[in-house]
Structure formats: C-alpha cells, structure tokens
Amino acid sequence: MNKIDLLLETFPLYSEDLGIDLREPSGRFKWFVAAILFGARISEKIATNTYKRFEQYGLDSPEKLIAAGWDELVRILDEGGYVRYDFSTATKLLGIMEALQKRYGSLENLYEQSVDTEDLQRRLQEFKGIGGVTTQIFLRELRGVWHINPALSSRARSVAENLDINLQEFEGELLSRIETALVKLSIRYCRKKRCEECSAKDFCSQIADTK
C-alpha cells in the first residue's frame, strides 16, 4: 500500500469520525460547532465526547443552542469532560450563535456572502472567540464541498515533508482528506514521539535518519 492510500485508510476526516455529512447544510453547521470545540487547547477525545453530547441533546442549530441557555450549555460541556473551558465556551457559543443569526441568518448565508476564501475567513474571525486555529479546522474539511482553498496548516506541511509528500499535487476533497490525515498523524504520533507505533513509519525520513 502506498503512503497516500495508507493515510486515507488509517485517518478519516474528523467529521466522518463524528458521523457528520458535510454535503448537507445541517451537517456543515454541526461541523462548525465541532470545530469550535476542537479549536480549544483540549484533547481530541474530550472534544469528540463533548460534541457527541451536543448531538445527544439535539443541539444542532443556532436556535436550539441559544434556547438551551448558558447554564444548560455549561452542564453539557461538563458532561463531555470540557470542564476547564466550560464557562468560557458556553459564553463563546452563545455569542457566536447570536451574532450568526443577527448578521447572516445562517452559516450558509455567511458562505454565500463571502467573495472568496480570504473573505470567508475574515467573516468567521469577526465572531468573538473564533481565531485562526478554529477557522483552519473548520474550513480544512470543506474543500470540495464549498468552493474554497484555505492555506494548509503548518502541522500538515511539516509531516508531509517528513513523508516526502508534495501537497501541491492535490486539491479539493482529496487534499482535505490528506491534510486531515497528516494532522491526525502529527497529533497522535509525531508530537508524542510514538514513532515505532506509527503506521507511516516506513515512509518517514525522521525515523530513517535515526537508524
């Protein structure tokens, strides 16, 4: 199996891990909420568990999140293990949902009103609490769904270099999948120096250089 196929088979999109269909507007909103949760300095596991609690309680639209209220959001965040950032994240989510409704009406309208990728990124980051990291996480998996081409993350570029992968050869959904796979590999193996356990170790120049 070549390295690209290995990456794609081993590391699916985060949205797929969560059972989110990005082809549907409702799925894109769900992924927006998930990206906000993943954007904090918190583990993948806690962010995933917390998002699943939001799904469990049916909080899948701006209206439902706003209606839930601050106390209920804090409770759900705590259930998911998001304890360290529960108060601030509840406040952030409510603020974003209220601003989204007031300014655009919906996430899809926000996208439609954006003239290009840079404008879309700017509009997203006008929401208090959404910075470059959350924007990158959110848009990364939407290549090939929306007509956008966000910059590649430094984490993905670094791992791609180690694996001798030229990311400029790819575009659209395939690039989204490869970038996400590289990010997952970096978080789960490279950063933790779990090189010998990594499924891509046979392709990695960093491991080869130590032998």
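Residues numbered from 1 in each chain as written. Predicted model: local features only at pLDDT ≥ 70, side-chain atom pairs only at ≥ 80, totals over all residues. Heavy atoms only, no water.

## With respect to the overall build of the protein
Part 1 of the argument: A tally of regular secondary structure across the protein gives 12 helices and 0 strands.
Part 2 of the argument: Tracing the protein from N to C terminus, the helices and strands come up as α-α-α-α-α-α-α-α-α-α-α-α.
Part 3 of the argument: Over its C-alpha trace the protein gives a radius of gyration of 18 Å, about what one expects of a compact globule, namely 17 Å for 211 residues.
Part 4 of the argument: Dimensions of the protein, computed from the C-alpha atoms along their principal axes, are close to 55 × 40 × 25 Å.
Part 5 of the argument: Per-residue burial for the protein yields a buried fraction of 48% across its 211 residues. (Helix = DSSP H or I, 4+ residues; strand = E, 2+ residues; numbered from the N terminus. Rg over C-alpha atoms; globule rule 2.2 N^0.38 Å. Buried < 20%, exposed > 50% of the residue type's maximum accessible area, 1.4 Å probe, protein only.)

## Comments concerning helix 4 (residues 44-56)
Part 1 of the argument: Its 13 residues give helix 4 an end-to-end C-alpha distance of 18 Å, which sits within 8% of 18 Å, the value for a rise of 1.5 Å per residue.
Part 2 of the argument: Looking at helix 4, one finds that the buried residues are Glu44, Ala47, Thr48, Thr50, Tyr51 and Phe54. Considered in projection along helix 4, the buried side chains sweep an arc of 165° and stay on one side of the axis. Relative to its buried face, helix 4 has exposed residues pointing more than 90 degrees away, namely Lys45 and Gln56.
Part 3 of the argument: Against the buried residues of helix 4 lie helix 2 (14-17), helix 3 (25-38), helix 5 (62-79), helix 6 (86-103) and helix 11 (172-190). (Expected span 1.5 Å × (residues − 1). Arc of directions from axis to C-beta. Contact = heavy atoms within 4.5 Å.)

## Side note on the pattern of salt bridges
Oppositely charged side chains are able to pair whenever their charged atoms sit close together.
Part 1 of the argument: Applying the stated criterion to the full structure yields 17 salt bridges.
Part 2 of the argument: For the salt bridge of Arg28 with Glu108, the shortest nitrogen-to-oxygen distance reads 2.9 Å. Placement of the pair is Arg28 in helix 3 and Glu108 in helix 7 (residues 107-113), with a sequence separation of 80 residues.
Part 3 of the argument: The partner of Glu197 in a salt bridge is Arg194, with the nearest N and O atoms 2.8 Å apart. (Salt bridge = Lys/Arg side-chain N within 4 Å of Asp/Glu carboxyl O.)

## Let's talk about the side chain of Glu179
Part 1 of the argument: Assignment of secondary structure puts Glu179 in helix 11.
Part 2 of the argument: Since its relative accessible area comes to 0%, Glu179 is described here as buried.
Part 3 of the argument: Polar side-chain contacts of Glu179 include one of 2.8 Å to the backbone nitrogen of Ser153. (Polar contact = N/O pair within 3.5 Å; in protein donor to acceptor, adjacent residues only side chain to side chain.)

## Overview of the nonpolar core
Part 1 of the argument: Residues Trp31, Phe32, Phe54, Phe138 and Leu182 are the most contacted members of the largest nonpolar core, which totals 68 residues.
Part 2 of the argument: Looking at this core, the element that brings in the most residues is helix 3, giving 9 residues. (Core = buried A, V, L, I, M, F, W, Y, C linked by side-chain atoms within 4.5 Å.)

## Things to note about the side chain of Thr89
Part 1 of the argument: Take Thr89: it is sitting in helix 6.
Part 2 of the argument: Filtering out sequence-adjacent residues up to four positions away, Thr89 remains in contact with Leu37, Leu77 and Tyr82.

Interpretation in functional terms is not warranted from these geometric data alone.
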